[in-house]
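As a plain string of letters, each chain reads:
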Amino acid sequence: MYLHGTSRINDAGHLEIGGCDVTELKAEYGTPLYIMDEQLIRRRCREYMDAFAASGLGFQVAYASKAFSVMAMCRIADEEGLSLDVVSDGELYTALQAGFPADRIHFHGNNKTPFEIEMALDAGIGCFVVDNFVELELLQAIAASKHVNVNILLRVTPGVEAHAHHAYAATGQTDSKFGFDIGNGSAFEAVKQASAKDNLTLLGVHSHIGSQIFETEGFEMAVERVADFARRVKEELNTEFRVVNLGGGFGIRYTEGDTPLQVSEYVAAITGAVKKYFAGIGAVLPEIWVEPGRSIVGDAGTTLYTVGTNKTIPGVRKYVAVDGGMGDNPRPALYESKYEALLANRANEASVETVSIAGKCCESGDMLIWDVELPETKSGDLLAVACTGAYNYSMASNYNRIARPAVVFVQNGQSDLVVKRESHSDLIANDIIPARIAKQPVTK
Ligand SMILES: Cc1ncc(COP(=O)(O)O)c(C=O)c1O
Ligand SMILES: N[C@@H](CCCC[NH3+])C(=O)O
């Protein structure tokens, strides 16, 4: 397994992250456990901030909190000077409760409810990324009823087919549920309508082409199309974009086959393309915003499991089951995502067998890794799966009524709980047995 950030094998042959021996983390917090390398998260934040500062352009780096939305992470994003992208009342609530400044929060989503819009307006949110014509009307109406003015970006699809890790993660193409299409004229119409709304201030446009992207061409092409669109809008509507948001999507290394670029390379490509294509239209250079999620927290996360049972099918394979699975990491089942693993309590031992790591859910597709080389595994061993910081905790479920794991941040030999493990009482906390059912005699 590739060792990210501060991960290393210590003298005891145990995996250590942020100076904390994972066998000790297991003893203190139990498993499954999400372990987040705080130093690596902060390093990634700084890589973005430094690369943009070096470009000389105005910018905002908004952490896409959908990747991992917890209050402690919102605090780190704030401390590191990032803005925040939220897509629901729940993510907004999390950010506000963590004290994140509302004016640096951007609200996304293709179906914001009136409740969410009101909540965000009442909080004094920095910007809405408007997704469609229905929302444009709704936002204007609610903002007018509250006598407030709000900044907006229009989400556009530039017609770029990004090489995302899965078709579900590609969003820049015309046939997408998100945004106004540039190619079919709806983006132009949206600019016209938005400019005529009294309570909306149109700052510019937003384009997110997809996720887990390893090359710069898609981003550069999106900038070119957006610049071309900006030229038409300037010429025909006399409107200039002050902000261009290019979304997230910057890839990370999950397994050997993944070839991400350095953060600075993605940023240099984007800012270079903005300077090149916007210079051509004779407008002031817009401020550039981005929304990285996965590349801020993904490789900082490791999930620690305890090995339980195993089953060998002669001539076929050996299944090794762990105490978590698709409940804490739905990505292999959803996208056939690949991960690397390590026997964390005997990390120096040579691999002697190829096994497949099964989860404990009642579902054949609940497999975390097919075919990984490991030392001979026994019940009670610890298995670490790397690169689980993004879209794991945030996409976790209670399928089979399995409690969601705890999350700890580790740094300089210190571990801090940032999300408690769910308890049995948490699992039934919202259950109600209606009186009518409670009164029924139990039939035998
Ligand atoms: C609009 C938007 N912004 C940002 C992101 C974050 O993407 P990533 O985690 O790939 O950086 C996403 C998710 O793909 C998104 O849909
Ligand atoms: N959740 C996805 C990507 C989609 C991100 C949000 N647009 C993943 O785990 O890769």
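Taking an unreviewed UniProt entry as the reference, the chain is identified by name as Diaminopimelate decarboxylase belonging to Paenibacillus durus. Under the UniProt heading Cofactor (unreviewed entry), the note attached to the chain is "pyridoxal 5'-phosphate". Regarding the chain, the relevant UniProt record gives this comment under Sequence similarities (unreviewed entry): "Belongs to the Orn/Lys/Arg decarboxylase class-II family. LysA subfamily."

What follows is about the UniProt feature "active site" (unreviewed entry) in the chain. With numbering matched to this structure, UniProt assigns "active site" (unreviewed entry) to Cys362. In this fold, Cys362 is placed in the loop between strand S17 (353-358) and strand S18 (367-374). Since its relative accessible area comes to 64%, Cys362 is described here as exposed. Cys362 has contacts with Tyr399 and Asn400, leaving out every residue within four places of it along the chain.

With that settled, the discussion passes to unusual backbone geometry. Trans peptide bonds make up the majority, and among non-glycine residues the majority have a negative phi. A cis amide bond links Thr31 to the next residue, Pro32, at an omega of -10 degrees. Turning to its location among the elements, Pro32 is positioned in the loop between helix H1 (22-29) and strand S4 (33-37). Although it is not a glycine, His147 sits at a positive phi angle of roughly 55 degrees.

Once that is clear, we can look at the site of ligand 1. As a structural note, the neighbourhood of ligand 1 is formed by 15 residues, with His208, Ser211, Glu291, Arg294 and Tyr391 the closest of them. Take His208: an N or O atom from its side chain is 2.8 Å from an oxygen atom of ligand 1. Ser211 is positioned with one of its side-chain polar atoms (N or O) 2.4 Å from an oxygen atom of ligand 1. Taking 390 Å² as the accessible area of ligand 1 by itself, protein coverage stands at 91%. The cavity where ligand 1 resides is the largest pocket. Classifying every residue of the shell around ligand 1 gives 3 nonpolar, 7 polar and 5 charged.

Counting across every chain of the model gives 13 aromatic pairs. Taking 4.9 Å as the distance between ring centres and 25 degrees as the angle between the ring planes, the aromatic pair formed by Phe219 and Phe250 counts as stacked. Residue Phe219 is located in helix H8 (residues 217-237), and its partner Phe250 is located in the loop between strand S12 (243-245) and helix H9 (263-279); the two are separated by 31 residues in the primary sequence. Since its relative accessible area comes to 3%, Phe219 is described here as buried.

Counted by the stated rule, this structure contains 3 cavities of 30 Å³ or more. Pro32, Asp323, Gly324, Gly325, Gly327, Asp328, Cys361, Ser397, Ile402, Ala403, Arg404 and Pro405 together form the lining of the largest cavity.

Glancing now at the confidence of the model for the chain. Across the chain, the average pLDDT comes to 96, with 99% of residues at or above 70. By mean pLDDT, the top-scoring element of the chain is S4 (99), and the lowest-scoring one is helix H13 (residues 435-438) (88). Scored as a whole, the predicted complex attains pTM 0.96, and scored at its interfaces, ipTM 0.98.

Now for the site of ligand 2. Taken together, the residues surrounding ligand 2 are Lys66, His165, Arg294, Arg331, Tyr335, Tyr391 and Met395. At a separation of 2.7 Å, an oxygen atom of ligand 2 approaches a polar side-chain atom of Arg294. The separation between a nitrogen atom of ligand 2 and a polar side-chain atom of Tyr335 is 2.9 Å. Burial of ligand 2 by the surrounding chains reaches 81%, relative to a free accessible area of 310 Å². A breakdown of the residues in the shell around ligand 2 according to their chemical character gives 3 nonpolar, 1 polar and 3 charged.

All right, on to the sheet that holds strand S2 (residues 15-17) then. One open sheet accounts for 3 strands, arranged S1-S2-S3; its pairing is antiparallel. Either end of the sheet is taken by a strand with one partner, and the two such strands are strand S1 (8-9) and strand S3 (20-21). Sheet analysis places S1 next to S2, joined by 2 bridges and oriented antiparallel. Looking across to S2, one finds that Arg8 is bridged to Glu16.

About the thresholds
Residues numbered from 1 in each chain as written. Chains lettered and ligands numbered in written order. Predicted model: local features only at pLDDT ≥ 70, side-chain atom pairs only at ≥ 80, totals over all residues. Heavy atoms only, no water. UniProt positions renumbered as here; feature names shortened; annotations may be inferred. Helix = DSSP H or I, 4+ residues; strand = E, 2+ residues; numbered from the N terminus. Buried < 20%, exposed > 50% of the residue type's maximum accessible area, 1.4 Å probe, protein only. Contact = heavy atoms within 4.5 Å. Near = heavy atom within 4 Å. Polar contact = N/O pair within 3.5 Å; in protein donor to acceptor, adjacent residues only side chain to side chain. Areas by Shrake-Rupley, 256 points an atom, 1.4 Å probe, with all protein chains shown as cover. 1 Å grid on protein atoms, 1.4 Å probe; cavity = no way out; pocket = protein on both sides within 12 Å on 5 of 7 lines; lining within 4 Å. Sits in = over half its atoms within 2 Å of the grid points. Nonpolar A, V, L, I, M, F, W, Y, C, P; charged D, E, K, R; others polar. Phe/Tyr/Trp six-rings, centres within 6.5 Å; stacked < 30°, edge-to-face > 60°. Points joined across faces, edges and corners; volume = space filled by probe spheres on them. pLDDT = per-residue confidence, 0-100. Pairing = 2+ DSSP bridges.

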